[in-house]
Every structure is written in structure tokens, then in C-alpha cells.
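Residues per chain, in single letters:
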Amino acid sequence: MEERRKQKKRFGVGALIGTAAVTLVVTLIGLGCAVWLVLGRDGLSLLQGITLVKTQFVGEKTEEVTDQALSGMIEGLGDRWSYYLDEEAYQAEQERRANVYVGIGVTVDYTSEAGLTIRAVVPGGSAEEAGLVEGEIITAVDGEDIAGEARYEAPDRIAGEEGSTVRLTVQGFDGNRREVELVRKSIQTDPVSYEYLENGVGYVKLSNFFAGSADRVKEAVTDLQSQGATALVFDMRDNGGGYLDELIPMLDFLLPEGPIFQTRSHTGAEKIYESDAACVDLPMAVLVNENTYSAAEIFAAELQEEGAAVVIGTPTSGKGYSQQLFPLLNGGALGISTAEYFTGNGVSLIGTGLHLDREIALSEEDQAEFTAGVLPLAEDEQFQAALELLGIAA
């Protein structure tokens, strides 16, 4: 009797082990099939290749292998808008999208052979606290001269981690030089700048469509209207776009009732965004150039399509895909085109870009000043062309 119980017990344990083994095999087979279905032969070959390099290569192994593999994979898509970011680039991109960056708080240009000319000082930054002012020249970084060709690499040497310090040599207006030590820190940037002009025009420059940009545009336009603006000029030059969640509220705020934007996902799902009846009933113009991408480009296209604005500048890129950013386990991220987008009436900009009401380019010298943020509106030929099309005297 006792022996029979032992046999039954042994059989029970053995059955459990056998069942567990079968379950494990079935699970692994299932996972293998799932991986095969998702990745296919090419995807598994990529994993196989990385595994072989990591386990069999006799030379020194570096993290660059993974970075280059991911970059090559994205390049193989043949899509100029998809991209790979390594860990450092991804962190910088997150800061940019939050309209925050780590630095000392200056905008510079390369007009002086002596070094970096300060064109603007950000309020609240370390540069302002140290007394740096517009027009002074940074001539050395941490004791190393940056005159001549060296000045083009100087911004990278000034950049660094939050809380770290950098020592600058600064040349004042009297030619005398002084040394200042600055702490790099996080600085909140404003994506919108605006001004009310004497001819009744409200000028609004938007640098991106990232965090807080929609609210800032609404505040700017509302303030300009309260000052008596009779027309608006939106400057989207060098604006690389940003979030759909910022674009839609802007268009809704500016335009009357009706469709203002459409998307079609990679699965074929379509969505149409609508504006309500409230709008800004003023003549408008939008300034664009070859660096006007994504949300900035569709912003101009939609205002033009609704008859609300004229578009002036140089031909745009013709972007019509939106990207989604996917974080990776290595700290980097993949930005992949996951949807196609259209104007409210279903027009794609792919291959065509914007229809310009007037095509006019800045001179090389004026373009350099515009990029540095120092081109006066009175000398900005694209802005002046916008006034002309709006029927406003300069």
C-alpha cells in the first residue's frame, strides 16, 4: 500500500515536470512564431548579424555597431523624414521639444573673425547674470583662442552638461578683454516673438510648434488685436514644425468653421479635424522658405486654402508625412513616418510644396542677418513683399 502511494507520488511529480516542459516548448515555439511573423526573415537576419558581431568578432567591440546598424536600417527606408537618434541626440531632442535647452543663454553669429559675436542675451541666463551684452565678442573658451576658423566649432565647446562651468574671454566695445566664468543651466525658451508696427501690422514670428507654442500664438494675436492691429504677418521661416497638438489649436483659433486638417495612418485609418465658428477676421500673410517644414508648412497651406492668408518667400520642402518618436532600450530613439497628412480639403504637399503668392528670396547678406536674428523688418524684402500684397504701405 505504501509502495503504491510512493509510485503515484513519483508519477505525479514526473507528470508535472513533463507538463511544464511541454508548456515551455510550446511557449517558446509560440514566441518564435510571433517573432517570425513580426520581424520576418530580414528582421531576424538583422538580429542574427548583431548577435554574431557581439559574440564572434575578434576585434574591439564598440557601441557604434548598434548605432550604425540602426542608422542603416532607417536609411534603407528611403524616407528622408525618418531618422535615428543616439542617446545624446535623443536627450537633446527632448529638451528642444520642451522648448528648454542647457546653455549659458546667448545667441551668436560668425561675422567677426575675432570670435563669436553676441547677437542676443536670453533673460535669466548665466550670460545676463555675468553682464554679457549684445555686440560683445567671445574670443576664447576655457583659455583657448577661437579666432578665425576655430570660431565655427566654438558653440560645441561652450555647450555642456547642466551645472558644469565654462570660462569665456569676452571683448567689450572698448577693445578690452575680460574673463567670466558661467554655469550652464536649463533655460526656458519662448517659441514666439511679436511686435505691433506703426502701420497697424502685427508681426508674429514662431520658431517651432513644440510645447506651449499654440497658447503663445493665441496670446500674441490677442494682444496685437487689443493694440489695434489691422493685419497679421506670421513668420514661419526656418520653422521645422512640431506637434499636431499645437498646430490644430492654432488653426482652430485663426480660421472659421470647417475642416482644417486630415491624416491617414499607416493602417489606412483616416481622421478629419474641424474648426469651430470663432476666428480671427483680419487679413493675413505667411512668410516661408526652404526650411519651413511639417506643421509650419501645413499652417501656411491651410490659411491660404481658406482664403485667409497670402504666402510669400521661397519654395518649401513639400513634406506630407508625420513622424512618431519611439524610445529604444539603448537610450536612443527611432523617428518613423507613421502617417500621411493633408490640408482640410484633402490636398497633400508631397512633391509640390506650397503655392507661393509671391516668390522672392533674400540676398546672401540679408539671409545671414535673418538667421542671426538681426535683419530689420524695414530691410526684409520678403516682409515688405507681404505688406505690398496686403495693400499696406511700408
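Before reading further, recall that the structure is shown in the block above.
Here the structure is a predicted model, which means the values were calculated and not measured. (Residues numbered from 1 in each chain as written. Predicted model: local features only at pLDDT ≥ 70, side-chain atom pairs only at ≥ 80, totals over all residues. Heavy atoms only, no water.)

## Let's talk about the overall build of the chain
Secondary structure assignment for the chain yields ten helices and 19 strands. The buried share of the chain, reckoned over its 394 residues, is 39%. Summed over its atoms, the accessible surface of the chain is roughly 21300 Å², and 54% of this surface lies on carbon and sulfur atoms. (Helix = DSSP H or I, 4+ residues; strand = E, 2+ residues; numbered from the N terminus. Buried < 20%, exposed > 50% of the residue type's maximum accessible area, 1.4 Å probe, protein only. Areas by Shrake-Rupley, 256 points an atom, 1.4 Å probe, with all protein chains shown as cover.)

## Digging into unusual backbone geometry
Here the phi dihedral of Asp-238 falls at roughly 65 degrees; this positive angle occurs in a residue that is not glycine. Among the secondary structure elements, Asp-238 is positioned in the loop between β12 (231-235) and α7 (244-254). With phi around 50 degrees, Ser-294 is a residue other than glycine that occupies positive phi space. Tracing the backbone through its elements, the reader meets Ser-294 in helix α8 (residues 294-305).

## Quick word on the packing of α7 against α8
Remark: α7 packs on α8, axes separated minimally by 11 Å, with the N-to-C direction vectors making an angle of 20 degrees. The pairing of α7 with α8 is recorded here as roughly parallel in orientation. Between α7 and α8 the crossing geometry is right-handed. The segment α7 lies against α8, with Leu-247, Met-250, Leu-251 and Leu-254 engaging Ala-295, Ile-298, Phe-299, Glu-302 and Leu-303. Grouping the constituent residues of the contact of α7 with α8 by class yields eight nonpolar, no polar and one charged. (Axes fitted to C-alpha atoms, helices over the stretch in contact; angles between N-to-C directions. Parallel < 35°, antiparallel > 145°, perpendicular 65-115°, else oblique. Left-handed = near helix turned anticlockwise from the far one by under 90°. Contact = heavy atoms within 4.5 Å. Nonpolar A, V, L, I, M, F, W, Y, C, P; charged D, E, K, R; others polar.)

## Here we look at the sheet that holds strand β16 (residues 309-313)
The strands making up a sheet associate through backbone hydrogen bonding, with each pair oriented either parallel or antiparallel. Across the sheet, which stays open at both edges, the six strands sit in the order β10-β11-β12-β15-β16-β19 with mixed pairing between neighbours. Two strands close off the open sheet at either side, each with one partner strand: β10 (192-196) and β19 (358-359). Pairing analysis gives two bridges linking β16 to β19, with the strands arranged parallel. Note on β19: the bridge partner recorded for Ile-312 is Arg-358. The sheet contacts of helix α10 (residues 381-389) involve β11 (201-206), β12, β15 (284-288), β16 and β19, and relative to β16 the element is tilted by about 150 degrees. (Pairing = 2+ DSSP bridges.)

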